[in-house]
Amino acid sequence: MAPQTVDVHVATFAELDARTFHDLLRLRVDVFVVEQRCPYPELDGRDVEPGTRHLWLAHDGVVLAYLRMLVDPGDVTRIGRVVVDPAARGGGLAGRLMTEALRLVGDRPCVLEAQAHLAGFYAGHGFTVTGPQYVEDGIPHLPMRRES
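Everything numeric here is computed off the predicted structure, so don't read it as measured data.

### Digging into the overall build of the protein
Now for step 1: In terms of regular secondary structure, the protein is built from three helices and eight strands.
Now for step 2: Overall, the protein shows an N-to-C arrangement of helices and strands of β-α-β-β-β-α-β-α-β-β-β.
Now for step 3: In summary, the protein has a C-alpha radius of gyration of 15 Å against a globular reference of 15 Å for 148 residues, a match within 12%.
Now for step 4: In terms of its C-alpha atoms, the protein occupies a principal-axis envelope of roughly 40 × 30 × 30 Å.
Now for step 5: Buried residues in the protein amount to 44% of all 148 residues.
Now for step 6: Considering only residue pairs separated by 6 or more positions, the protein has 60% of its internal contacts joining residues 24 or more positions apart.
Now for step 7: Only carbon and sulfur atoms are counted for the fraction: they give 56% of the accessible area of the protein, which is about 7700 Å².
Now for step 8: Mean positive and mean negative side-chain charge positions of the protein (15 and 20 charges, respectively) differ by 2 Å.

Here you go:
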């Protein structure tokens, strides 16, 4: 379960210190590559883009949940790499993370590629399915969009 007090952090790549970036990547790799057994190029070059924002929740300096916000053509925000530490799941951290991300997005359109079993979670944040289901790294996904 998630601790009662968590701190919200937002940073560009240039604002991240090496330890924090390490901890963010470690959580992403531990969940997406190891837990979900999806060997893929986690370091895709988008983390360092000037428009990218890294958003995470931490307790006593320990990263509990994370997502990144990218800028796609047409000033569309792309949310991705949404992840919660297994030990902190069930405490509403993913919802807090999405709420904060969408506050930052404001009235701009926003897209994401949802793991299909999480489509209902994202629908609760105003996203709708925009295309057919597809399989990426062995996991069914759905493209989703939120207008504002």
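There's more to say after this.
### Describing the pairing of strand 8 (residues 139-146)
Now for step 1: Most of strand 8 sits inside the fold, with six of its eight residues counted as buried.
Now for step 2: As defined by bridge partners, strand 5 (residues 110-115) adjoins strand 8 across six bridges and the pair is classed as antiparallel. Counted as the bridge partner of E113 is P143 from strand 8.
Now for step 3: Of the strand pairs in this sheet, strand 6 (residues 128-129) and strand 8 are connected by two bridges, and their pairing is antiparallel. Bridge pairing in strand 8 places V129 opposite M144.
Now for step 4: Relative to strand 8, strand 7 (residues 134-136) is paired through three bridges, and the arrangement is antiparallel. Bridging across to strand 8, V135 finds its partner in P140.
Now for step 5: Connecting strand 7 to the next strand, strand 8, in antiparallel fashion are two residues, including D137 with a positive phi near 55°.

Here is what the cut-offs are and how they apply
- Residues numbered from 1 in each chain as written.
- Predicted model: local features only at pLDDT ≥ 70, side-chain atom pairs only at ≥ 80, totals over all residues.
- Heavy atoms only, no water.
- Helix = DSSP H or I, 4+ residues; strand = E, 2+ residues; numbered from the N terminus.
- Rg over C-alpha atoms; globule rule 2.2 N^0.38 Å.
- Buried < 20%, exposed > 50% of the residue type's maximum accessible area, 1.4 Å probe, protein only.
- Contact = heavy atoms within 4.5 Å.
- Areas by Shrake-Rupley, 256 points an atom, 1.4 Å probe, with all protein chains shown as cover.
- Lys, Arg positive; Asp, Glu negative; His and termini not counted.
- Charge placed at Lys NZ, Arg CZ, Asp CG, Glu CD.
- Pairing = 2+ DSSP bridges.

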